[in-house]
There are 2 protein chains.
Amino acid sequence: MDLEAVRTFAAVAEAGQFQKAAADLSITQQAVSKRIAALERDLGVRLFDRTPRGAEPTIDGRAFLPHARELLRVAERAVASVHAGRRPLRVDVINLRGAASGLLRGFHRAHPGTELDVLTLLEIEAAVTAIRSGTIDASFRAVAMPGRPLPEDLASVRVVDEPLQLLTGPGHALADARSVTLAELAGHRIWMPGMLPGSEWAAYYDDLVAEFGLTIEATGPNFGSEALLDTVADTPALATFMGAHTRLVWPAGHGLRLVPVADPAPVYPHALLWHRDNLHPALAALRTHLAATGAVHDAPGTWRPRWVVPG
Amino acid sequence: MDLEAVRTFAAVAEAGQFQKAAADLSITQQAVSKRIAALERDLGVRLFDRTPRGAEPTIDGRAFLPHARELLRVAERAVASVHAGRRPLRVDVINLRGAASGLLRGFHRAHPGTELDVLTLLEIEAAVTAIRSGTIDASFRAVAMPGRPLPEDLASVRVVDEPLQLLTGPGHALADARSVTLAELAGHRIWMPGMLPGSEWAAYYDDLVAEFGLTIEATGPNFGSEALLDTVADTPALATFMGAHTRLVWPAGHGLRLVPVADPAPVYPHALLWHRDNLHPALAALRTHLAATGAVHDAPGTWRPRWVVPG
DNA sequence: GATCCGCACAACCTCCGGTTGTTCACTAAG
DNA sequence: CTTAGTGAACAACCGGAGGTTGTGCGGATC
């Protein structure tokens with residue numbers, strides 16, 4: 001199926017006749033006739049009844065028309081998504097199912113007209129470079145550059161502290177605990193597969209391990225959250241950390257448990273990073289929205305690494 | 001922009017390299033290379049970073065990818081909408097903003113996976129012919145054929161009686177009435193533009209006029225509901241009937257009033273028509289849904305024409 | 001440094017999709 | 001009934017988009 005043919009179809013449906021549609025599209029009537037004929041051949045149905053005064057859509061044509069318009073709209077948005085001027089706001093998140101995505105969903109609900117592209121860059125340096133070059137507009141991170149201060153042209157603001165909870169299977173020793181302390185976790189195996197060395201999460205857990213003497217295993221590639229949940233559910237000796245705001249597809253019948261962690265409660269300090277010179281209107285709206293719906297952070301009794309960005 | 005190029009882009013993003021994508025698409029690597037190059041030229045951005053081991057999407061490519069996938073999904077749905085076998089359920093309604101559309105929205109909320117195409121055929125005969133030929137699957141109507149009984153191969157079931165209300169501007173004599181009777185309307189001008197002679201609505205209002213001696217003017221073409229609302233708002237001598245379930249884009253600051261009509265309350269008797277031999281699974285689901293969420297009809301104190309379909 | 005792998009470039013060819021010119025069906029006016 | 005007008009389809013032609021095969025080139029691996 002050819003998008004030009006679809007565009008022609010919509011033009012004919014709009015104009016009510018081939019000739020006018022041809023004029024609108026700046027092509028000849030014969031070309032319109034050919035395009036429609038080709039589309040009809042592709043789809044296997046007649047789309048227009050040719051009348052002496054023009055053309056009117058058949059029932060199939062009427063059913064196809066809204067789909068055609070939707071197709072053209074989506075195509076337009078797709079082009080706009082990479083168009084340099086006035087493209088959608090591009091925001092990087094650490095995890096598409098994490099707390100940052102939830103905040104962005106809230107923002108999008110509050111501003112339904114705002115075009116938004118969410119992507120995952122994984123590496124901090126790539127995100128910072130992309131922000132500085134204007135390729136992306138903002139990033140939800142806890143740190144700008146590991147071990148280095150925030151570059152001067154970037155700004156940041158803390159948005160939410162996400163508590164980490166312990167995810168265990170039904171056979172785990174702590175499965176039925178109402179809550180656990182970090183100290184109590186010292187003897188247990190914590191499994192965090194797919195954590196790349198040098199990544200933001202790795203730095204976070206390095207600090208956690210150093211301070212509380214936990215045992216965290218980063219072995220094995222990340223096969224996705226489903227595989228992780230399956231393994232944790234079936235292995236009594238394994239547990240993993242899970243952000244409380246993570247939206248999981250919760251498998252049925254696995255008996256998985258989420259145990260709150262306290263004394264102190266480890267929280268992941270999400271912050272928004274952006275370039276001071278970025279004038280994208282939606283960026284200002286996003287910052288305003290985040291400030292207005294601001295969740296508490298730095299609450300007493302919580303723990304976070306020392307290197308979090310200011311804001 | 002070419003859909004084949006978009007499909008190729010998605011295949012390369014999926015495969016991680018041009019060669020494998022080419023194999024998946026059963027074309028040569030050079031063709032993939034050309035398609036991607038053409039797409040990049042069209043969009044004006046580089047979509048892949050070519051690495052020694054393949055290709056990985058640039059940030060622009062990552063932003064474009066979900067749009068590309070959406071585009072392909074919509075294209076697939078568009079094709080399916082006219083595909084003879086297993087196409088979406090096609091339902092005809094009298095008015096895209098009327099009560100039937102509301103029922104279909106409810107059905108779609110209850111069955112989000114069901115593909116549904118809603119269209120407006122206007123003429124009863126066209127709808128009946130389309131149902132009998134299988135071109136559409138169901139129609140919300142009050143009558144099958146004016147003055148004739150329901151054809152034997154069609155079935156029908158009443159689904160909802162929609163009360164009609166009087167819509168007036170702020171200056172109308174009845175604007176501040178809490179309700180009016182049909183008898184009280186006898187002296188007032190009721191304006192129903194764009195009502196085609198022989199249409200279902202025309203038959204309805206013919207009966208209403210004959211029984212209660214109203215004055216209904218069907219003059220002028222239908223310029224859409226916005227124009228209708230504007231005119232009614234500004235003309236104290238004019239009022240019109242409006243279905244209580246109609247979803248209007250309510251203009252601000254016009255002072256429009258909806259006055260209930262009673263003694264008796266005229267209701268529009270919506271019914272679902274379908275072909276007895278139609279085996280579309282979604283049709284059965286729709287009938288079940290309508291039966292389960294069944295609104296009251298034939299309530300005492302209401303009025304409807306005598307020729308409504310059985311069911 | 002030799003080899004492999006994967007993408008880009010070049011040359012070539014087919015056919016898609018545009019154009020112009022013409023025909024055909026239907027309507028409306030004389 | 002004839003005639004002019006309108007709008008879509010058909011025919012012939014032509015340029016270029018997009019496929020193929022063949023080859024070049026750069027980075028990674030050993």
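Provided above is the structure to which this section pertains.
Draft legend 1. A look at the overall build of chain A. The number of helices and strands found in chain A is 9 helices and 13 strands. The C-alpha radius of gyration computed for chain A amounts to 26 Å, which surpasses the reference 19 Å derived for 311 residues by more than 25%, pointing to a less compact arrangement than a globule. Expressed along its principal axes, the backbone C-alpha trace of chain A runs to roughly 85 × 50 × 30 Å. When each of the 311 residues of chain A is scored for burial, the buried share is 36%. Of the contacts made within chain A by residues no fewer than 6 positions apart, 74% connect residues no fewer than 24 positions apart.

Draft legend 2. Spatial organisation of unusual backbone geometry. Residue and element names in this part refer to chain A. In this model, D263 is joined to P264 through a cis peptide bond whose omega is -10°. Relative to the elements of secondary structure, P264 occurs in the loop between β11 (257-262) and β12 (265-275). Phi angles above zero are rare outside glycine, and D263 is one such case at about 55°. Take D263: it is sitting in the loop between β11 and β12. In this structure D263 comes out as exposed when scored by C-beta crowding, with 12 C-beta atoms within 10 Å.

Draft legend 3. The arrangement of the packing of helix α1 (residues 3-15) of chain A against helix α4 (residues 59-80) of chain A in detail. Residue and element names in this part refer to chain A. One way to put it is that α1 packs onto α4 with a least axis distance of 9 Å and a crossing angle of 125°. Here α1 lies oblique to α4, going by the angle between them. Considering the relative orientation of α1 and α4, their crossing is left-handed. Each of L3, V6, R7, F9, A10 and A13 in α1 lies in contact with α4, whose residues at this interface are G61, L65, A68, R69, L71, L72 and A75. Of the residues that constitute the contact of α1 with α4, the class distribution is 10 nonpolar, 1 polar and 2 charged.

Draft legend 4. Structural context of the protein's contact with DNA strand C. Within the structure, DNA strand C sits among 20 residues, and T28 and A31 of chain A together with Q17, F18 and S33 of chain B are positioned closest to it. If you tally residues by element for the surface near DNA strand C, the top one is helix α3 (residues 29-43) of chain A, at 5 residues.

Draft legend 5. Seen up close, the protein's contact with DNA strand D. Taken together, 20 residues form the shell around DNA strand D, and within it Q17, F18 and S33 of chain A together with T28 and A31 of chain B come nearest. At the level of secondary structure, the elements contributing two or more residues to the surface near DNA strand D comprise α2 (18-25), α3 and β2 (54-57) of chain A together with α3 (29-43) of chain B. Considering every element that reaches the surface near DNA strand D, the biggest residue donor is α3 of chain B, with 5 residues. Partitioned by chemical class, the residues of the surface near DNA strand D number 6 nonpolar, 8 polar and 6 charged.

Draft legend 6. Layout of the relation of the copies chain A and chain B. Overlaying chain A on chain B yields an RMSD of 0.1 Å, the required transformation being a rotation through 180° with an accompanying axial translation of 0.0 Å. Expressed as a symmetry operation, the mapping of one chain copy onto the other fits a two-fold axis. Here 100% of the contact residues of chain A are again contact residues in chain B; the copies associate through an equivalent surface.

Draft legend 7. Representation of the environment of R87 of chain A within the structure. Residue and element names in this part refer to chain A. Among the structural elements, R87 can be located in the loop between α4 and β3 (89-92). Once the C-alpha coordinates of R87 and G16 are considered, the two residues, 71 residues apart in sequence, prove to be 33 Å apart. Setting aside chain neighbours within four positions, we find R87 in contact with A80, S81 and V82.

Draft legend 8. Seen up close, the interface of chain A and chain B. Counting from both sides, the interface comprises 27 residues of chain A and, opposite them, 27 residues of chain B. Here the element with the most residues in the side of chain A that touches chain B is α4 of chain A; it accounts for 14 residues. Tallied by class, the residues present in the side of chain A that touches chain B amount to 17 nonpolar, 3 polar and 7 charged.

Draft legend 9. Up close: the nonpolar core. With 155 residues, the main nonpolar core has F9 and V12 of chain A together with F9 and V12 of chain B as its most contacted residues. Those residues in contact with V12 of chain B that sit more than four places away from it in its chain are F18, A21, V32, I36, F48 and A55 of chain B.

Draft legend 10. How the structure looks around helix α8 (residues 225-234) of chain A. Within the sequence span of α8 of chain A, burial applies to L228, L229, V232 and A233 of chain A. Projected down its long axis, α8 of chain A carries its buried residues within an arc of 125°, all on one side.

Draft legend 11. Quick peek at the pairing of strand β1 (residues 48-51) of chain B. All names here are of chain B. In the sheet, β1 pairs with strand β2 (residues 54-57) via 4 bridges, with the strands oriented antiparallel. Looking at β2, one finds that F48 is bridged to P57. Hairpin connection between β1 and β2: a loop of 2 residues separates the two successive antiparallel strands.

Draft legend 12. Structural detail: the pairing of strand β4 (residues 116-119) of chain A. Judged from the 4 bridges that link them, β3 of chain A and β4 of chain A form a sheet pairing that is parallel. In the strand pairing of β4 of chain A, L89 of chain A is matched with L116 of chain A.

Draft legend 13. How the structure looks around the environment of D117 of chain B. With respect to the helices and strands, the residue D117 of chain B is situated in strand β4 (residues 116-119). Looking at D117 of chain B, the number of C-beta atoms within 10 Å reads 23, which means it is buried. Sequence separation of D117 of chain B and D92 of chain B is 25 residues, and the distance between their C-alpha atoms is 8.5 Å. Beyond its immediate sequence surroundings of up to four residues, D117 of chain B is in contact with A63 of chain A together with S81, P88 and R90 of chain B.

Draft legend 14. Spotlight on the environment of D206 of chain A. Its place among the elements puts D206 of chain A in helix α7 (residues 200-212). Sequence spacing of D206 of chain A and I216 of chain A is 10 residues, and the spatial spacing of their C-alpha atoms is 8.8 Å.

Draft legend 15. Region of interest: the packing of α2 of chain A against α3 of chain A. Residue and element names in this part refer to chain A. Between α2 and α3, the least distance of the axes is 8 Å, while the angle of their chain directions is 105°. Classed by the angle they form, the pair α2 and α3 counts as roughly perpendicular. Taken together, the residues of α3 that come into contact with α2 (itself represented by F18, Q19, A21 and A22) are Q29, A31, V32 and S33.

About the thresholds
- Residues numbered from 1 in each chain as written.
- Chains lettered and ligands numbered in written order.
- Predicted model: local features only at pLDDT ≥ 70, side-chain atom pairs only at ≥ 80, totals over all residues.
- Helix = DSSP H or I, 4+ residues; strand = E, 2+ residues; numbered from the N terminus.
- Rg over C-alpha atoms; globule rule 2.2 N^0.38 Å.
- Buried ≥ 20, exposed ≤ 12 C-beta atoms within 10 Å, placed from the backbone.
- Contact = placed C-beta atoms within 7 Å.
- Axes fitted to C-alpha atoms, helices over the stretch in contact; angles between N-to-C directions.
- Parallel < 35°, antiparallel > 145°, perpendicular 65-115°, else oblique.
- Left-handed = near helix turned anticlockwise from the far one by under 90°.
- Nonpolar A, V, L, I, M, F, W, Y, C, P; charged D, E, K, R; others polar.
- Near = placed C-beta within 6 Å.
- Least-squares fit on C-alpha atoms with pLDDT ≥ 70 in both.
- Core = buried A, V, L, I, M, F, W, Y, C linked by C-beta atoms within 7 Å.
- Arc of directions from axis to C-beta.
- Pairing = 2+ DSSP bridges.

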